[in-house]
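# Overview (structure and organization)
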Amino acid sequence: QVQLAESGGGLVQAGDSLRLSCAASGRTFSSYGMGWFRQAPGKEREFVAGISRSGANTWYADPVKGRFTISRDNAKNTVYLQMKSLKPEDTAVYYCAAKVLELIGSVRDREYDYWGQGTQVTVSS
């Protein structure tokens, strides 16, 4: 089992950058694929980015491609989401998630087994 804690959210202006972090407990962090999801008010939770156990593979939702970068540091038990050129439509609660199975390209939330509590990102226009 793994516990996840997101941080780094906040209020920024359109065009700004922000980096989210997700710290994981336990010694087996490198055995989990990781992902970031987000949920805007009144909308369903949606996939943002995913990364494989080693970090060699990453994949992104179309709305964030070229602007967001997911990475991980297995020595620090941490996954990151670097967000650039933020837009008001990026406003949401951002969640990190861990999955036991190594499924490259996983985008469905039911494929992820553990979730953090989320961190709010608000982008003003």
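This structure is a prediction, so every number in the text was calculated from the model and none was measured.

The next subject is the nonpolar core. One finds M34, W36, L81, M83 and Y94 to be the most contacted residues of the largest nonpolar core, which totals 28 residues. At the level of secondary structure, the elements contributing two or more residues to this core comprise strand 3 (18–24), strand 4 (33–39), strand 5 (46–51), strand 7 (68–73), strand 8 (78–83), strand 9 (92–99) and strand 11 (119–124). Counting residues in hydrophobic clusters, the runner-up holds six residues, among them F37, F47, A97 and Y112.

Let us look at the pattern of salt bridges. Taken as a whole, this structure holds six salt bridges when the rule is applied. As a salt-bridge pair, D90 and R38 come within 2.9 Å of each other at their nearest N and O atoms. Here R38 lies in strand 4 and D90 lies in the loop between strand 8 and strand 9, a separation of 52 residues in the sequence. There is no split in this pair, since D90 and R38 are both buried. Residue D109 pairs with R45 through a salt bridge whose shortest N-O separation is 3.4 Å.

With that out of the way, let us pick up the packing of aromatic side chains. Counting across every chain of the model gives five aromatic pairs. Judged by centre distance (5.1 Å) and plane angle (80°), the ring pair of F37 and Y112 falls under edge-to-face. Taken together, the positions of F37 in strand 4 and Y112 in the loop between strand 9 and strand 10 (114–115) put the pair 75 residues apart, joining distant regions of the chain. Y112 matches F37 in its accessibility class, with the two residues each being buried. Chaining the aromatic ring pairs together yields one cluster made of F37, F47, Y112 and W115. Directly above the aromatic system of F29 lies the positively charged group of R72, at a separation of 4.4 Å from the ring centroid.

What is meant by a disulfide is a covalent connection between two cysteines, made through their sulfur atoms. Within the structure shown, the criterion is met by one disulfide. What pairs with C22 in a disulfide is C96, and their sulfur atoms sit 1.9 Å apart. One disulfide, between C22 and C96, carries an S-S torsion of 45° and so falls in the right-handed class. Of this pair, C22 sits in strand 3 while C96 sits in strand 9, placing them 74 residues apart in sequence. The residues C22 and C96 share a single accessibility class, namely buried.

Cut-off values and rules
Residues numbered from 1 in each chain as written. Predicted model: local features only at pLDDT ≥ 70, side-chain atom pairs only at ≥ 80, totals over all residues. Heavy atoms only, no water. Core = buried A, V, L, I, M, F, W, Y, C linked by side-chain atoms within 4.5 Å. Buried < 20%, exposed > 50% of the residue type's maximum accessible area, 1.4 Å probe, protein only. Helix = DSSP H or I, 4+ residues; strand = E, 2+ residues; numbered from the N terminus. Salt bridge = Lys/Arg side-chain N within 4 Å of Asp/Glu carboxyl O. Phe/Tyr/Trp six-rings, centres within 6.5 Å; stacked < 30°, edge-to-face > 60°. Lys NZ or Arg CZ within 6 Å of the ring centre and 35° of its normal. Disulfide = S-S within 2.5 Å.

None of the figures reported here should be taken as evidence of function without further support.
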